[in-house]
Amino acid sequence: MLGLSRRGLAAALLVAAVAALLFPLPFRRHLKPRTATDPGSELEFEWPGVVRLYKSGRVERFDDPDTVPPSTADPATGVASRDVILDPAANLSARLYLPPAAEPGKKLPVVVFFHGGAFMANTSASRLYHLYASSLAAEVPAVVVSVDYRLAPEHRVPAAYDDAFAALKAVVAACRAESDSDGAEIEPWLAAHGDASRVVLAGDSAGANMAHHAAVRLRKEGGIEGYGDTVSGVALLHPYFWGKAPLGGETTDAGFRGAFDRAWEVACGGAFGLDHPYISPMASPEEWRQLGSRRVLVITAEQCWFVERARAYAEGIKKCGWEGEVEFYETKGEGHVYFLAKHDSENAVKDLAVVADFVRRC
């Protein structure tokens, strides 16, 4: 890697190694990036096979070969899926999932789902996320809206948060069969089957972080006109929260922690520190208590990198003044978002059942 010092190279490799464990993406080392490489550029950050950020600010993103198209009926679940534009003005898209239980005139709960990937990777078409969303839609049953939000470093945080809140507003409007001011057509699956009174915000890893902040913003901004300031539930799956100081049993190794510190710095462009509420909700109880939801489910795993943060979230939300019900579920012997790659395992099936049961009760 041209222009990298020995220390910088070590840091880059450490970030790459941690990323390989954190997120269920193969390292696509032999893929060509979307833009031509400039041999005179110096690398600022690299996630091998995913994205390169140069010191000049230029970004190269690699195409993800492990994506799948929507289908009229998934062979395993019978769930239909299709890609839609949620908000034409913002060019905000999503993949919708409709379970076979969606009979004419029958309303179902709606899960607005945000995929993980450190704010930098994946789409709703990524194979593992397509599989999870389809399985969740069938298990509940529910209409699942898997949102495609803008990714860093091209679009730094808080762009993803803006897209998450825009998606929530668009889904609520579609479920209530309301047209936008520009006369855009209403999404028929949501209009026919989406129950606006039973909307659950959900996500894994960085997506769980986004679900949390969408619910906080819902109440902070006074809600959605004609809808209110509260969703039925928030489901946080292996939430990506972090902080400057180690929490509980977290490692104190500077190199290890530095990899996570650096990933957040790249995602937000250094605009928000490690103790900002965006990455550390526990740092601001007064904001935390504004979470606009009646119920919260926190799921984590014993070997998840962020397990201490998830435990602290579930315990702390009871004490910060938030008025609602919190549920906590921890899987023994598993790592971060294991349920994606090991979706057929006994533990993953149990995890899915916990999430589905939560949604049904919301």
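The structure contained in this document is the topic of the report that follows. Just so you know, these numbers come straight off a predicted model, no measurement behind them.

Of the strand pairs in this sheet, strand β4 (residues 80-87) and strand β5 (residues 92-98) are connected by seven bridges, and their pairing is antiparallel. Paired with I85 across the strands is S93, a residue of β5. With antiparallel pairing between neighbouring strands as the criterion, β4 and β5 make up a hairpin whose turn holds four residues, including N91 at a positive phi of roughly 55 degrees.

Evaluation of the coordinates by the stated rule reveals 18 aromatic pairs. Taken together, a centroid distance of 6.2 Å and an interplanar angle of 50 degrees make the contact between F260 and W305 tilted. Taken as a pair, F260 in helix α6 (residues 254-268) and W305 in the loop between β10 (295-303) and α8 (307-316) lie far apart in primary sequence, 45 residues in all. Note on F260: relative accessible area 1%, which makes it buried. Under the relative-accessibility criterion, W305 is labelled partly exposed at 28%. Ring centres of F260 and F306 lie 5.6 Å apart, and the angle between their planes is 75 degrees; this geometry places the pair in the edge-to-face category.

Inspection of the secondary structure assignment puts D195 in strand β8 (residues 194-204). No salt bridge is formed by the buried D195; its nearest oppositely charged neighbour, R198, is found at 4.7 Å. Of note is the side chain of D195, whose polar atom sits 2.6 Å from the side chain of S197. In this view, D195 contacts K107, L108, V110 and C175; residues no more than four positions away in its chain are not counted.

Here is what the cut-offs are and how they apply
Throughout this description, residue numbers start from 1 for each chain and increase along the sequence as written. In keeping with the model being predicted, local features are shown solely for residues with a pLDDT of at least 70 and side-chain atom pairs are shown and tallied solely at 80 or more, while totals for entire chains, interfaces and linings include all residues. By convention in this description, side-chain values take in all heavy atoms of the structure and omit both hydrogens and water. We treat two strands as partners when DSSP finds at least two bridges between them. Only DSSP runs of H or I with at least four residues qualify as helices, and only runs of E with at least two residues qualify as strands; both kinds are numbered from the N terminus onward. When the centres of two rings from Phe, Tyr and Trp lie within 6.5 Å, Trp using its six-membered ring, the rings pair. Their planes under 30 degrees apart give stacked, over 60 give edge-to-face, and anything left gives tilted. Burial status follows relative accessibility: with a 1.4 Å probe on protein chains alone, a residue under 20% of its type maximum counts as buried, one over 50% as exposed, and anything between as partly exposed. Only four residue types enter the tally: Lys and Arg on the positive side, Asp and Glu on the negative side; His and the chain ends are excluded. Just to be clear on terms, a salt bridge is a Lys or Arg side-chain nitrogen sitting within 4 Å of an Asp or Glu carboxyl oxygen. A 3.5 Å cut-off defines polar contacts: any pair of N or O atoms within that distance qualifies, except that in protein one atom must be a possible hydrogen donor and the other a possible acceptor, and neighbouring residues in sequence count only when both atoms are side-chain atoms. Pairs of residues are marked as contacts when any of their non-hydrogen atoms sit within 4.5 Å.

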